[in-house]
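# Fold and geometry: a report
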Amino acid sequence: MNKAMIGALCTTATLAISCQQTGKTYASYELYPVAKHLDEMVYTPNKTLFSVWSPTAEEAVVRIYTDGIGGKPIKTIHMKPQADGTWTTNVQEDLLNTFYTFEVKVQDKWLGESAGINAKAVGVNGKRGAIIDFANTNPTGWDKDKRPALKNISDVILYEMHHRDFSIDSSSGIQHKGKFLALSERGTKNPEMESTGLDHLVDLGITHVHLLPSFDYGSIDETKLNEAKYNWGYDPVNYNVPEGGYSTAPYTPTTRIKEFKQMVQAMHKAGLRVVLDVVYNHTFSAPYSAFDRTSPGYFYRHLADSTHTYSNASGCGNETASELPMMRKYMIESIKYWISEYHIDGFRFDLMGIHDLETMRQIRQAINEIDPSIIMYGEGWAAGTPQLPQKDLAMKANIGQLQGIAAFSDELRDALRGPFNNDHQGGFLAGVTGQEESIKFGIVGGIQHDGIDFSKINYTNKPWAIQPTQMISYISCHDDMCLVDRLKSSIPNLNIPNLIKLDELGQTAVFTSQGIPFIQAGEEMLRDKKGVHNSFESPDSINEIDWSNKNKYHEVYSYYRGLIHMRKAHPAFHMGNADLVRKYLKFLPVDENEVVAFKINGEAVGDSWKEIVVILNGRNKTTRISVPTGIYTTVCANGHIDLKGINKISGEHIDVSPHTAWIGYKK
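We now turn to the structure provided with this report. (Residues numbered from 1 in each chain as written. Predicted model: local features only at pLDDT ≥ 70, side-chain atom pairs only at ≥ 80, totals over all residues. Heavy atoms only, no water.)

Our next topic: the sheet that holds strand β1 (residues 41–43). The strand order β1-β2-β6-β5 describes an open sheet built from four strands, whose pairing is antiparallel. This sheet does not close on itself; its edge strands, each paired only once, are β1 and β5 (80–81). In this structure, β1 lies alongside strand β2 (residues 48–53), joined through three bridges in antiparallel fashion. For Val-42, the partnering residue across the bridge sits in β2 and is Leu-49. (Pairing = 2+ DSSP bridges. Helix = DSSP H or I, 4+ residues; strand = E, 2+ residues; numbered from the N terminus.)

And the structure:
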């Protein structure tokens, strides 16, 4: 688009951003052309095609470099404008293993070099795109790699981890500490000879490994990995490239790609699916991002009363504009790319409430066309107020409009452990009354249910899930204190035996919920972060998992493992259908506060346990609960789980020990 075209657009009445900004010229969002293709670099041995979408540019160049960092360009090529807003050029020579950048000029100002918005291979720190042959990035047998079978989404059990946390401690016994390859190693053990790493996950029984951001992000300097700087990685730079800090050779573009694939391949062989944490809602920097350096003003939202201030619903300085055609197209194509190139099995959307409903629906549809078993979930909120009406956003309250997409339930989380905004205030586990209805809301998966008084639920007064699989059931994640630290913070003078009881009680609610259960890595070994609330850049001494805890707190690990295997073996705990839950899960009347009890007609949903009773006793005393008369086989009591049976109880009531759960069934 030349100056005359820009000038014409600036006279229209539909301007979204003023054309009078100092140093920048923006045309109407509605009038930007939509590019047909987003491939910015297509390599063959005979030629390489470059393209960049920059409809307001007056000039555009691509520069070729020998190295991924430093040095002067060996070639600068002027690009030609196309009708769809892209600039293209075709270099008739073999450019394999060189690097490139784009730069565009808008309003007589060159905006700075970038790797482009859609780089798929980069040099160190992601400053330059890399020209590689992707056939050389596939590990042996990659063409035969298949995602493990998954019968129903209700079968999913999520395990959230950070690459560095999981393997960096010396007790992990893992060779490639803090790297993608850590999750490809088998046979690793801690000093006490307990299994660690991938073997540990297989034995634990989870189905999906949720990886914290693994794309190329900005807060880690890949040229200084010896400094061991830590970050969670929620600061995207190149969305479609694995992070170099988790590779063994960040200067070599093919290494990070191949090692990521080796990791996925190993987990698939072990029977585990892989979920990628995606952060399309904001970027590490807006002014210096590839978005604003190639198509300034387009990909971000701006304040309604300002022509130049980025809106900030992410709390990270900017928010992207998913509702605009090219941003929507970008997100859809990026998701499809991770599935096709890296065989990813699921996506967790950071601050999903910033994105518009239609974009999320289109992403779900694109995924369904590939494989409907690929899971999709996210945070149904934003860190601030987005620049779109709430009714148009993928907020938790609107999940009913997003079939096949789930959101985290802070209702259940905070009912169990206490509110997000006060580390010292407890919930059900701390003996705080009035949380029972919110826990029941979590037990049914956030759906409509006659057994719940919705006027007493925290954060909502109505169901927001249409199906129970639209609710993620959890008690802690990377955000906020981990469960152990939160219990210590909210319950004064809490000793280890009681800490273990409460920890296990909370997770029993999670794993007997009809929603999709989710745990944070290390919780099964009583992990703590030394009381740090927000450990996003804390050192390894805070974030690392001490694998010796698996031996030290083996009863905790056994309990978590028992919960997971019980859930997997018994369909009554994951019916996956709202009508079945309403019909066959009934809450039992209780006379005491701090107690939740329910029964499930297992026989009606094909379970080998004819009738199941679950009792969660948050009281500090033994509590007697009335149950339907019968002979019950106890499978969970006093911190122990044995699916073969602990004992048999006959009668019409059950005595449940303080701060514990009881689960039993009739044959």
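Looking now at the packing of helix α10 (residues 483–490) against helix α11 (residues 496–511). The geometry of α10 relative to α11 is characterised by a closest axis approach of 10 Å and an angle of 120 degrees between their N-to-C directions. By the angle between their directions, the pair α10 and α11 is classed as oblique. The handedness of the crossing between α10 and α11 is right-handed. Only Leu-499, Leu-502, Asp-503 and Gln-507 of α11 make contact with α10, whose side of the interface consists of Leu-483, Val-484, Leu-487 and Lys-488. (Axes fitted to C-alpha atoms, helices over the stretch in contact; angles between N-to-C directions. Parallel < 35°, antiparallel > 145°, perpendicular 65-115°, else oblique. Left-handed = near helix turned anticlockwise from the far one by under 90°. Contact = heavy atoms within 4.5 Å.)

All right, on to the sheet that holds strand β18 (residues 471–473) then. Strand order in the closed barrel formed by eight strands is β10-β11-β14-β15-β16-β17-β18-β19, with parallel pairing between adjacent strands. Averaged over all pairs of adjacent strands, the angle between strand axes in this sheet comes to 30 degrees, irrespective of strand direction. Looking at chain direction, strand β10 (residues 158–161) and strand β11 (residues 208–211) are connected through four bridges and run parallel. Its bridge partner lying in β11, Glu-160 is registered against His-210. Along the sheet, α11 makes contact with β18 and β19 (516–520), crossing β19 at roughly 145 degrees.

A separate point is the side chain of Thr-48. Relative to the helices and strands, Thr-48 is located in strand β2. Leave out the neighbours within four places in its chain, and Thr-48 touches Met-41, Val-42, Tyr-43, Thr-89, Asn-90, Val-91, Glu-93, Leu-95 and Ile-131.

In this description, a pair of aromatic rings is defined by centroid distance and the angle of the planes. Taken as a whole, this structure holds 36 aromatic pairs when the rule is applied. Pairing Phe-50 with Phe-102 gives two aromatic rings, centres 6.4 Å apart and planes at 80 degrees, and the pair type is edge-to-face. Of the two residues, Phe-50 sits in strand β2 while Phe-102 sits in strand β7 (residues 99–106), which places them 52 residues apart along the sequence. A relative accessible area of 0% means that Phe-50 is categorised as buried. Ring centres of Phe-180 and Tyr-246 lie 5.6 Å apart, and the angle between their planes is 70 degrees; on these two criteria the pair is classed as edge-to-face. Of this pair, Phe-180 sits in the loop between α2 (163–167) and α3 (197–204) while Tyr-246 is found in the loop between β13 (236–242) and α4 (253–269), placing the two residues 66 residues apart along the sequence. Judged on exposure class, the residue Phe-180 and its partner Tyr-246 are both buried. (Phe/Tyr/Trp six-rings, centres within 6.5 Å; stacked < 30°, edge-to-face > 60°. Buried < 20%, exposed > 50% of the residue type's maximum accessible area, 1.4 Å probe, protein only.)

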